[in-house]
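Residue-level listing of the chains:
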Amino acid sequence: MLTSVDGIKGQVFDYIIIGGGTTGLVLATRLSENPTNSVLVLEAGSAHIDDATLLIPQQRWLYMGNAEYDWNFETVSISDWEKDWEAVPQSIISSGISQRASTLKASFICLHRRLLNTPTAWGALGNDGWTWEKFQAYSKKSERFVEPNHNTDVLTYDTKLHGEHGPIVTSFPPLISNLEGDFRKAMEAHNVPTIQDPFSGEIRGTSPSLSNLDPSTHHRAYATNMYYQPVAGRTNLKVIVNAHVTEIITTEVDGLITATGVKFVKSDNTYTANVAGEVCLTAGTIMSPKILEMSGIGDPAVLRRAGIDVKLDLPGVGTNVQEHLYTGVTFELTDHFAGEQEVNTIDCLVTNLGLQQELFASGKGTLNLNAVDIAFVALADISPELNAKVIASLQTEEKDAGLAAQYKIQAEHLREKVPGLEIILAPGPTKAPSQGWDASKKHISLCFASNCPLSRGTIHVTSKDSLAIDPHVFENRFDTMVELVKYCRKLAQTPPLKGEGEGRLKEIHPGPDCQDDAAIAEWICDNVSTTFHTAGSCSMLPKELNGVVDPQLKVWGTHNIRVADLSVIPLHVGSHTQSVAYALAEQAADIIKAAHEK
Ligand SMILES: Cc1cc2nc3c(=O)[nH]c(=O)nc-3n(C[C@H](O)[C@H](O)[C@H](O)COP(=O)(O)OP(=O)(O)OC[C@H]3O[C@@H](n4cnc5c(N)ncnc54)[C@H](O)[C@@H]3O)c2cc1C
């Protein structure tokens, strides 16, 4: 239950979970299944239980950048830009990475994907027990799939691949764009097949994406309402919100750092919560390394610079940060019909939001519209020449041992055409109307993301209060993004997506004036964004490969501190991360339970 600081006075908990977001609430729910375990969750954000701002997924403009919901993190300037990065406006750079605050950690459009090769790669990087089979089993454990009863020609699936009894309801959005069939045929014309259901793990191709939406309410289904709320009455599970953790309190026992409690600030007062069992960090990729460093665990040079006493020399903390990069080409739709059906786009959310809000509850209207079709492709699909160039560069570049092990796998993936790029058929523009489009018209975008980054960023404290997030995103060239722009343009000219005659897709961003590679690269610099899929800052890797946690998710050199959020991913997934976070947390819960049953 939600509790006050007084509600935990004098208690010593079996588990303290830092961060009540996606992974934290899964862990809290599972660890408190045993009534003899006492579990405390400390969450920096507010509760926002039953908050329509979050429950209606398409209302992202209400929470993005709103300090009540959003941490509004900013990155530092990109440090090693291939071109003269002084010329790049700071706004692009500083809008790099941001995460949401609150127990109600929510995602945008809620797309679920699973990619076979990545959990296998985590195992190959020295992590016994991390396999595709386990990942698939834990994904199913988190999921309750509801079959669609509309657009069944487009919304294909294989029930065998989905969970039936898990907490997170997955379904397809009630409203689709109606351009999906034409998009698939255009992709097929470029030798990218249509696949029935990507949950098999073989995702190369175009397929319909699931959303974490409850079709009985049309609301977002996520950790707060699907894991936590049903068990909120458990007396052994306590959650304090608006509790900002600043430090894990430790002592040394038998040469291992051992947590005895957690320091947190609430309403400007500092408190300590005591632990007898374990501290589990689930504060997310950006804040988990910060909390470790604030606790004296990290690279001694970083800690000393920030004025923090070194308790444990662990140089991997805050390194190996990986992110997906995202933007899109936007087109005005000059013909509003695909065959007999009108194309649905989100433009009318700008011109007639009131009507759309009225329609929402009945499952109608544009607030129920979501992107459905995503094509996952390999770099070799869009440019065999660039693919060969990147593979060669991975073999010759100098790097540390941890990165060398990851690059070896990334080169294999590139050779084997493992999809590392995605193209999304998005039913709307990529920018706000103030940035140059007319909301009285209809728009679609071919959005794209580069999901298997070669560069690695860092997240480190610079003092006791400040954090430097340095994404290093363009260190390994942005030719891939340039090729993706060209590929999306080619797709827009491919029948039947193109439409009749001159075509129905009139490009407005970047627009016809942006043609040569240098101009496209410049446009990308100005328009690229995070996908909020940041991972890797507390990587699960052998210590000698710069790892932070072992395969049991325990911080190397500690007795009872684990990290169980997306920061432990040692090599980024080529898919969206939310379903990965649920599966990871389910596996983490079993690891922790097993450790204490011994
Ligand atoms: C805007 C946005 C859109 C997204 N869209 C999608 C999507 O469409 N599909 C998809 O698959 N994925 C999406 N994601 C990604 C997905 O939501 C994340 O990968 C996932 O939630 C990560 O889970 P986590 O538990 O690691 O971290 P989080 O869910 O971020 O949880 C961390 C929690 O810790 C809390 N915390 C941080 N520091 C402290 C502290 N010092 N003390 C106490 N608490 C603290 C935070 O407030 C937060 O609640 C999106 C993410 C964002 C931000």
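Thresholds applied
- Per chain, residues are indexed from 1 in the order of the written sequence.
- Residues qualify for local features only when their pLDDT is at least 70, as the model is predicted, and side-chain atom pairs are given and counted only at 80 or more; totals for whole chains, interfaces and linings, by contrast, use all residues.
- Only hydrogens and water are removed before side-chain values are computed, so all heavy atoms of the structure are retained for them.
- Here a strand is any run of E in DSSP of at least two residues, a helix any run of H or I of at least four, and the numbering for each starts at the N terminus.
- UniProt positions are given in the numbering used here, feature names are shortened, and annotations may be inferred rather than shown by experiment.
- Here, two residues are considered to be in contact whenever any of their heavy atoms come within 4.5 Å of each other.
- We define a salt bridge as a contact between a side-chain nitrogen of Lys or Arg and a carboxyl oxygen of Asp or Glu at a distance within 4 Å.
- The rule for a disulfide is simple: a pair of cysteine sulfur atoms within 2.5 Å.
- Note on exposure labels: buried denotes an accessible area under 20% of the residue type's maximum, exposed denotes more than 50%, and partly exposed covers the range between, all computed with a 1.4 Å probe on protein chains only.
- Classification of ring pairs uses Phe, Tyr and Trp, with its six-membered ring standing for Trp, and accepts pairs whose centres are within 6.5 Å; under 30 degrees between planes counts as stacked, over 60 as edge-to-face, and the remaining range as tilted.
- Helix axes are fitted only over the stretch in contact, all axes being lines through C-alpha atoms; the angle between N-to-C directions runs from 0 to 180 degrees.
- These descriptions rest on fixed angle ranges, namely under 35 degrees for roughly parallel, over 145 for roughly antiparallel, 65 to 115 for roughly perpendicular, and the rest for oblique.
- Nonpolar cores are built from buried Ala, Val, Leu, Ile, Met, Phe, Trp, Tyr and Cys residues. Side-chain atoms within 4.5 Å join them into one set.
- Strands were regarded as paired on the criterion that DSSP finds at least two bridges between them.

This part is about unusual backbone geometry. Of the consecutive residues P495 and P496, the connecting peptide bond is found in the cis state with omega at 0 degrees. For P496, the location among the structural elements is in the loop between α16 (479–492) and β24 (505–509). The omega torsion of the bond from H509 to P510 falls at 0 degrees, within 30 degrees of zero and hence cis. Within the secondary structure, P510 is located in the loop between β24 and α17 (517–527).

The UniProt record marks T22, T23 and V245 with the feature "binding site: FAD" (unreviewed entry), using the residue numbering of this structure. Along the polypeptide, T23 turns up in helix α1 (residues 22–31). Among residues more than four places away in sequence, those in contact with T23 are T282, A564, D565, A581 and A585. Locating V245 in the fold gives a position in strand β11 (residues 244–253). With near-sequence residues (within four places) excluded, V245 lies in contact with I18, L42, V262, K263, F264 and I291.

Another point: the UniProt feature "domain: Glucose-methanol-choline oxidoreductase N-terminal" (unreviewed entry) in the chain. UniProt marks residues 284–298 with the feature "domain: Glucose-methanol-choline oxidoreductase N-terminal" (unreviewed entry), using the numbering shown here. Taken end to end, residues 284–298 is 73% helix and 13% strand, and its first and last C-alpha atoms sit 17 Å apart.

So, about the pattern of salt bridges. Applying the stated criterion to the full structure yields 18 salt bridges. Between E247 and K263 there is a salt bridge whose closest N-O contact spans 3.8 Å. Here E247 is found in strand β11, whereas its partner K263 is found in strand β12 (residues 256–266), with 16 residues between them in sequence. Through salt bridges with shared partners, one network takes in R30, E33, K141, E586 and K593.

Bringing the state of the cysteines into the picture now. Considering all chains together, one arrives at zero disulfides under this definition. Here C447 is not disulfide-linked; the sulfur of C488 is the nearest cysteine sulfur, at 8.2 Å. Look at C447 and you get buried, because its relative accessible area is 2%. C280 supplies the cysteine sulfur nearest to C538, a cysteine that is in no disulfide, at a spacing of 13 Å. For C538, a relative accessible area of 0% gives the class buried.

Next up on the list: the packing of aromatic side chains. Applying the stated criterion to the full structure yields eight aromatic pairs. Taken together, a centroid distance of 6.3 Å and an interplanar angle of 65 degrees make the contact between W122 and W130 edge-to-face. Each member of the pair, W122 as well as W130, carries the same accessibility label: buried. Ring centres of W132 and F135 lie 6.1 Å apart, and the angle between their planes is 35 degrees; this geometry places the pair in the tilted category. Of this pair, W132 and F135 both sit in helix α6 (residues 132–142), three residues apart, which is roughly one turn of the helix. Here the two residues W132 and F135 agree in accessibility, since each one is buried.

This next bit is on the packing of α6 against helix α18 (residues 578–597). Each packed pair of helices is defined by two parameters, the angle between the axes and the distance between the axes. Taken N-terminus to C-terminus, the directions of α6 and α18 make an angle of 100 degrees; their axes are 8 Å apart at the nearest point. Considering their axes alone, α6 and α18 lie roughly perpendicular with respect to each other. Of the residues in α18, those in contact with K134, F135, Y138, S139, K141 and S142 of α6 are V580, Y582, A583, E586, Q587 and D590.

Here the focus is the nonpolar core. Nonpolar side chains tend toward joint burial in soluble globular proteins. Core analysis: the biggest nonpolar cluster contains 88 residues, and L27, L42, I248, F264, L292, I297 and L553 have the highest contact counts within it. When residues no more than four places from it in sequence are discounted, the contact partners of I297 are I257, L292, L303, L312, L314, V317, V555 and I561. V192, L454, A492 and I524 belong to the second largest nonpolar core, which has 48 residues in total.

Time to look at the pairing of β11. Alignment of β11 against β12, held across nine bridges, turns out to be antiparallel. Note that in β12 the partner of I248 across the bridge is V262. In sequence, β11 turns back onto β12 through a hairpin of two residues, with D254 there showing a positive phi of about 50 degrees.

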